[in-house]
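# Close look at the chain arrangement
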Number of protein chains: 2
Amino acid sequence: MDDKTFAAVVKDIDDHQKKYIERLRDAVAIPSVSGEPEHRKDVVRMMEYAKKHLESFGTKVELFEPGMQTLPNGKTIKLPPILFGVLGKDESKKTLLIYGHLDVQPAHKEDGWNTEPFHLTEKDGKLYGRGASDDKGPVMSWINALESLHRKKVPLPINIKFCLEGMEESGSKGLEEALTARKNTWLSDVDFTCICDTTRLGNKPNLQYGIRGMCYYYVEVSSAKQDLHSGDFGGVIYEPMRDLIWLLSQLSDVKGKIQIEGLDEMVRPVTDEELKLYDNIDFDVEAFKKFIAVPGLTAETKQEILMNRWRYPSLSVHGIEGAFSGAGPKTVIPSKVIGKFSLRIVPDMDPKKVDSLVVAHLDKLWKTRGSPNHYRTIISHNGKPWITDYHQPLYETAAKAIKRVYNVEPDYTREAGSIPITITFEELTGKNVILLPFGGFDDMAHSQNEKMNIEIYMNGCKMMAAFLTGLGSV
Amino acid sequence: MDDKTFAAVVKDIDDHQKKYIERLRDAVAIPSVSGEPEHRKDVVRMMEYAKKHLESFGTKVELFEPGMQTLPNGKTIKLPPILFGVLGKDESKKTLLIYGHLDVQPAHKEDGWNTEPFHLTEKDGKLYGRGASDDKGPVMSWINALESLHRKKVPLPINIKFCLEGMEESGSKGLEEALTARKNTWLSDVDFTCICDTTRLGNKPNLQYGIRGMCYYYVEVSSAKQDLHSGDFGGVIYEPMRDLIWLLSQLSDVKGKIQIEGLDEMVRPVTDEELKLYDNIDFDVEAFKKFIAVPGLTAETKQEILMNRWRYPSLSVHGIEGAFSGAGPKTVIPSKVIGKFSLRIVPDMDPKKVDSLVVAHLDKLWKTRGSPNHYRTIISHNGKPWITDYHQPLYETAAKAIKRVYNVEPDYTREAGSIPITITFEELTGKNVILLPFGGFDDMAHSQNEKMNIEIYMNGCKMMAAFLTGLGSV
């Protein structure tokens, strides 16, 4: 896209700011909460809303029904459809797959929202509403960018496929099966995949080249056949809570340094190139501390903090099932307690090898404990870490698009969390995937007062237009 | 009461077995669950039920309204009345105060009851139903005993006062204030108090001469202003759960040996007489282990086990508030966690001194921890331990009553749990209190399938008749 055409597209996007914000407002107004079955019909409505918009510029859309979901209460409910869209079928062109999701986390005004969560509200250049950032804002921006390109009659140099789901906030139920079934058909001509479901690290646009994986464990200690009263039995019982908290306390030190032998050796060494990357990354340590309001961090410098977040493993104890967890006092000796902890793992840690080291560590600890209670460590589930080389045309095209809109080089960062769909797409297509962050670092996805800055939303549409047209020369 | 009269009373009790069981059945059928506000009217109905029966043999009964209760949701609800009864006002006679309670713990068939919990069901000589043992069975037995004595025209050699409450399972709300207000009036002529709200240790009848007290603590550690995602922030946060489980793990060793300096020195030394007591106590270690179904106990011999249960302090960690406690996995870094633990304390441990040692121990641990998080130990509440000399006429009378019915000497034991009302009565009347256990050790009070053996229920009525008439010569 030459500069003149791009300028016209940019103008068209700006001219339609009101319309594009209304589009997001209409999307936010549909409370498509996948975790609340009473909103399942709204998730379906949201998928239909996206279908209508995608069709408006020629996308052929299938709403695929992936089947039923069994709820914790045993009832079954239909999963929302997965939207598969195809825009362009020119075999001489490469094909980009765009992934996004249209379901949202639950939100209630009384949780601490300053505005109605499902009524997009503008204040000080920010659009407050559930899903504004995660992930309706980015999905609407793809639609906005394509609509403007369509209106300005800019030919698309690539084919585009869309995979939009409505269960991302509830474990993406049904998605992997649906994609796997399409491996040799619908997915077979995909040349690259773009995932727009993360946010920036600082104020500067960035591209993400890695994510951490996760290994989740349960440690179960049990004793009596039922809970006992501490008045009657305190003093004679090997109390399972005593064993469990001791075991959990032996997993990491005060700073979070993991005490499990053999894990460190698996971490990919830091290269000089990576070290240099940190110098220029836009990340304000003090602003970060203030944002999460903690009295201290386990590292001091920008480089150490970022490395701890995304290039070293971490271990978190999440809680205990079976013990008293209510307010006030209760004098129970819980008979069966299950500690929950997980590790975030990084390249080149292999989840299966991590599992065996973790279980071996706990088994060894248990032997030294000398308690007659019943103990076992259960491997819950895991996901691999992911890393890619950002010296590749896909990333270079995204970097150019950012430069074109913002006139800055993007930061190359990793995502600290786990986005398993990245690896699913990479494995099923056998092609590269790019993580293209969209919203601001302070968008508060999943939390109260989620928002999208108008500036990011509008420039994001422009960046996407530049990216889509730039891919023609890859 | 001479042997002939006693034989007549025993026969009357046996002749009315069916009626007395029906009385308990009617009482159990009233679901007087004090902890469930929707059952408050049933608690009131239960108090009226007891009033009617006590009046049938001449008791003057006041149903005192102690006021309002504020529920956790902020609503207020009327407390059930406290029953104050007076049977006999002869100034030449001594006065016995009988305490009991008519409210019960919640019970639902689906919790694992084999029968309807509020329908007293006989099976193999046992009466299953909520409250059968705790404490409707004992209260009905007092009524049965007095009714038989009344029918056989046996003159009571003492005055009797009744204090029956309907909030015991919910912290006896309103009772202490009501009793304190009566210290110099209604309570001033009480010569001894009998509490029938505990069960036997083994199969043999016993008398209890001590109870443990309790000190309850909260340890709070907090960091960020809200819960964080372990994917985004794991590795850079001083996680409060890590600090808390470490602190809690430092309170006692695997066997429960308390690590807090200065506590042991406060425990009253064992005397030769106490040591000798244990030899004859009816307590089957193997049956006990089987009953609670634990894979091991912290002590081996009968003497050690009983000492650990009631004459040494113990420490139990009950749970953690603020951490994830549900089923399945969740990847949260809880921002504020509150550990709950308590100590059972024994003579001569002073709760205030215990409080200061516990707080000092944790404060010292925290200093060595080196975490920047916010920490504090909160003293929740405490209750003193209690011990009395069983070489006194009140206990001797009870022992004689047991001998008369069972032809055995009772065991002298202590109660492992805490019954604060014991100390309230002793302090307000300035007179001796006796703990007269009633039901079987396997009655499962507070649990599923609570029961009362018919043999114990019927012989208990006879033992109470012998005790009441025996007090004339004290």
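Residues numbered from 1 in each chain as written. Chains lettered and ligands numbered in written order. Predicted model: local features only at pLDDT ≥ 70, side-chain atom pairs only at ≥ 80, totals over all residues. Heavy atoms only, no water.

An unreviewed UniProt entry lists chain A under the name M20_dimer domain-containing protein, with Anisakis simplex as the source organism.

## Let's talk about the overall build of chain A
Looking only at helices and strands, chain A features 14 helices and 20 strands. Over its C-alpha atoms chain A spans a radius of gyration of 24 Å, differing by no more than 12% from the 23 Å that the globule rule assigns to 474 residues. Considered along the principal axes of its C-alpha atoms, chain A spans approximately 80 × 55 × 50 Å. Within chain A, the proportion of its 474 residues that are buried is 60%. Expressed as a percentage of contacts within chain A between residues at least 6 apart in sequence, the contacts between residues at least 24 apart total 80%. Summed over its atoms, the accessible surface of chain A is roughly 18,600 Å², and 50% of this surface lies on carbon and sulfur atoms. (Helix = DSSP H or I, 4+ residues; strand = E, 2+ residues; numbered from the N terminus. Rg over C-alpha atoms; globule rule 2.2 N^0.38 Å. Buried < 20%, exposed > 50% of the residue type's maximum accessible area, 1.4 Å probe, protein only. Contact = heavy atoms within 4.5 Å. Areas by Shrake-Rupley, 256 points an atom, 1.4 Å probe, with all protein chains shown as cover.)

## Focus on the state of the cysteines
In a disulfide, the sulfur atoms of two cysteines are held together by a covalent bond. Residue and element names in this part refer to chain A. If you walk through the whole model with that rule in mind, you get zero disulfides over all chains. Distance from the sulfur of Cys194, which forms no disulfide, to the nearest cysteine sulfur (Cys196) is 5.1 Å. Taking relative accessible area as the criterion, Cys196 reaches 1% and is therefore assigned buried. (Disulfide = S-S within 2.5 Å.)

## Concerning the interface of chain A and chain B
Every contact between the two is made by 81 residues of chain A and, on the other side, 81 residues of chain B. A buried area of about 6,100 Å², summed over both sides, lies between chain A and chain B, and 56% of it is on carbon and sulfur atoms. Of all residues in chain A, Val236, Tyr238 and Val254 of chain A bury the most surface against chain B, accounting for 11% of the area lost on that side. The interface formed by chain A and chain B holds zero salt bridges in total. On the surface where chain A and chain B come into contact, there are 43 residue pairs in polar contact (both at pLDDT 80 or more). It is strand β13 (residues 314-321) of chain A that contributes the most residues to the side of chain A that touches chain B, eight residues altogether. (Buried area = accessible area lost by both parts, 1.4 Å probe. Salt bridge = Lys/Arg side-chain N within 4 Å of Asp/Glu carboxyl O. Polar contact = N/O pair within 3.5 Å; in protein donor to acceptor, adjacent residues only side chain to side chain.)

## Side note on helix α2 (residues 17-28) of chain A
Residues and elements named next belong to chain A. Over its 12 residues, α2 extends 16 Å from the first C-alpha to the last, a length consistent with the 16 Å expected when each residue adds 1.5 Å. Of all the positions in α2, only Tyr20, Ile21, Arg23, Leu24, Ala27 and Val28 are classed as buried. Looking straight down α2, one finds that the buried residues subtend no more than 150° of arc, so they occupy a single side. Among the structural elements, α1 (3-15), α3 (40-56), β7 (126-128), α4 (136-151) and α14 (454-470) are those in contact with the buried residues of α2. (Expected span 1.5 Å × (residues − 1). Arc of directions from axis to C-beta.)

## A word on the domain arrangement of chain A
Residues and elements named next belong to chain A. One can read the domain layout of chain A as domain 1 (3-211 + 385-473) and domain 2 (213-267 + 312-383). Averaged C-alpha coordinates put domain 1 and domain 2 at centres separated by 38 Å. The interface of domain 1 with domain 2 comprises eight residues on the first partner and eight residues on the second. Summing both sides of the interface, domain 1 and domain 2 together bury roughly 500 Å²; the carbon and sulfur share of this comes to 62%. Across the domain 1-domain 2 interface, the total number found is zero salt bridges. Linking domain 1 with domain 2 are one residue pair in polar contact (both at pLDDT 80 or more). In terms of residue class, the side of domain 1 that touches domain 2 is built from five nonpolar, two polar and one charged. (Domains from an automatic or database assignment. Nonpolar A, V, L, I, M, F, W, Y, C, P; charged D, E, K, R; others polar.)

## Considering the relation of the copies chain A and chain B
Mapping chain A onto chain B is achieved by rotating through 180° and translating by 0.2 Å along the same axis, at an RMSD of 0.2 Å. What the superposition gives is, in effect, a two-fold axis relating one chain to the other. When C-alpha positions in chain A are compared against the rotation axis, the closest is assigned to Ile245 of chain A, at 2.7 Å. Interface overlap between copies: 100% of the residues of chain A at the interface are likewise at the interface in chain B, consistent with a symmetric, same-surface contact. (Least-squares fit on C-alpha atoms with pLDDT ≥ 70 in both.)

## A word on the environment of Ile345 of chain A
Residues and elements named next belong to chain A. Following the sequence through the fold, Ile345 ends up in strand β15 (residues 336-345). Note: C-alpha distance between Ile345 and Leu127 (218 residues apart in sequence) is 35 Å. In this structure, Ile345 is in contact with Arg212, Gly213, Met214, Cys215, Pro351, Val354, Gly383 and Pro385, ignoring residues within four places of it in sequence.

## Let's talk about the sheet that holds strand β11 (residues 213-222) of chain A
Picture the strands of a sheet paired through backbone hydrogen bonds; they go either parallel or antiparallel. Residue and element names in this part refer to chain A. Here we have four strands laid out as an open sheet, ordered β13-β15-β11-β16, and antiparallel in their pairing. Two strands lie at the open edges of the sheet, namely β13 and β16 (374-383), each paired on one side alone. Along the sheet, successive strands turn relative to each other by an average axial angle of 20°, direction set aside. Where β11 meets β15, 10 bridges bridge the pair, whose relative direction is antiparallel. Bridge pairing in β15 links Tyr216 to Ser342. With respect to the sheet, helix α7 (residues 240-249) is in contact with β11, β13, β15 and β16, its orientation differing from that of β11 by roughly 150°. (Pairing = 2+ DSSP bridges. Axes fitted to C-alpha atoms, helices over the stretch in contact; angles between N-to-C directions.)

## Points about the nonpolar core
Membership of the largest hydrophobic core comes to 91 residues, with the highest contact counts inside it found for Met140 and Phe467 of chain B. It is helix α14 (residues 454-470) of chain B that provides the largest number of residues to this core, a total of 11 residues. Dropping the residues within four chain positions of it, Phe467 of chain B is found in contact with Leu96, Trp142, Cys194, Leu394, Thr397, Ala398, Ala401, Ile434 and Leu436 of chain B. Listed in part, the 90 residues of the second largest apolar core include Phe57, Ile434, Met452 and Ala466 of chain A. (Core = buried A, V, L, I, M, F, W, Y, C linked by side-chain atoms within 4.5 Å.)

## Re the packing of α1 of chain A against α14 of chain A
All names here are of chain A. At a minimum axis distance of 10 Å, the contact between α1 and α14 shows a crossing angle of 150°. Here α14 runs roughly antiparallel to α1, going by the angle between their axes. The handedness of the crossing between α1 and α14 is right-handed. Here Phe6, Val9, Val10, Ile13 and Asp14 of α1 lie close against α14, whose contacting residues are Met458, Cys461, Lys462, Ala465 and Ala466. A class-by-class count of the residues in the contact of α1 with α14 yields eight nonpolar, no polar and two charged. (Parallel < 35°, antiparallel > 145°, perpendicular 65-115°, else oblique. Left-handed = near helix turned anticlockwise from the far one by under 90°.)

## Digging into the packing of aromatic side chains
One pass over the structure, following the stated rule, counts 24 aromatic pairs over all chains. Ring plane angle 85° and centroid distance 6.0 Å describe the contact between Tyr216 of chain A and Tyr218 of chain A, whose orientation is recorded as edge-to-face. Measuring from centroid to centroid gives 5.8 Å for Phe233 of chain A and Phe288 of chain B, while their planes differ by 25°, and the two rings are stacked. Within this pair, whereas Phe233 of chain A is found in helix α6 (residues 230-233), its partner Phe288 of chain B is found in helix α9 (residues 285-292), the two belonging to separate chains. (Phe/Tyr/Trp six-rings, centres within 6.5 Å; stacked < 30°, edge-to-face > 60°.)

## A closer look at the sheet that holds strand β6 (residues 121-123) of chain A
Residue and element names in this part refer to chain A. With antiparallel pairing, three strands are arranged side by side in an open sheet as β6-β7-β20. With one partner strand each, in any of the chains shown, β6 and β20 (451-453) form the two edges of the open sheet. Taken pair by pair, the neighbouring strands of this sheet meet at an average axis angle of 25°, ignoring direction. Here three bridges tie β6 to β7, and the two strands are oriented antiparallel to one another. When the sheet's bridge partners are listed, Glu122 is paired in β7 with Leu127.

## Details of a nonpolar patch on the surface
A cluster of nonpolar residues, Val270, Leu275 and Tyr312 of chain B, forms a patch on the protein surface that exposes about 200 Å² of accessible area. Tracing the chain through its elements places Leu275 of chain B in helix α8 (residues 272-280). (Patch = residues over 30% accessible without salt bridge, like charges linked within 9 Å, V, L, I, M, F, W, Y side chains within 5 Å.)

## A few points about the side chain of Asp197 of chain B
Residues and elements named next belong to chain B. When you line up the elements, Asp197 lands in the loop between β9 (192-195) and β10 (206-211). An unpaired buried charge is present at Asp197: no salt bridge exists, and Arg130, the closest side chain of opposite charge, is 11 Å distant. A distance of 3.2 Å separates a polar atom in the side chain of Asp197 from a polar atom in the side chain of His101. The residues touching Asp197, leaving out its near neighbours within four places in the chain, are His101, Asp134, Asp135 and Glu168. (Lys, Arg positive; Asp, Glu negative; His and termini not counted.)

## Re helix α1 (residues 3-15) of chain B
Residue and element names in this part refer to chain B. Helix length check: α1 (13 residues) gives 18 Å between terminal C-alpha atoms against 18 Å at 1.5 Å per residue, within 8%. Among all positions of α1, only Phe6, Val9, Val10, Asp12 and Ile13 are buried. Axial view of α1: buried residues confined to an arc of 160°, hence all on one face. Along α1, the residues that are exposed and aim more than 90 degrees away from the buried face are Lys4 and Lys11. Structurally, α1 contributes buried residues whose contacts are with α2 (17-28), α4 (136-151), α12 (393-406) and α14.

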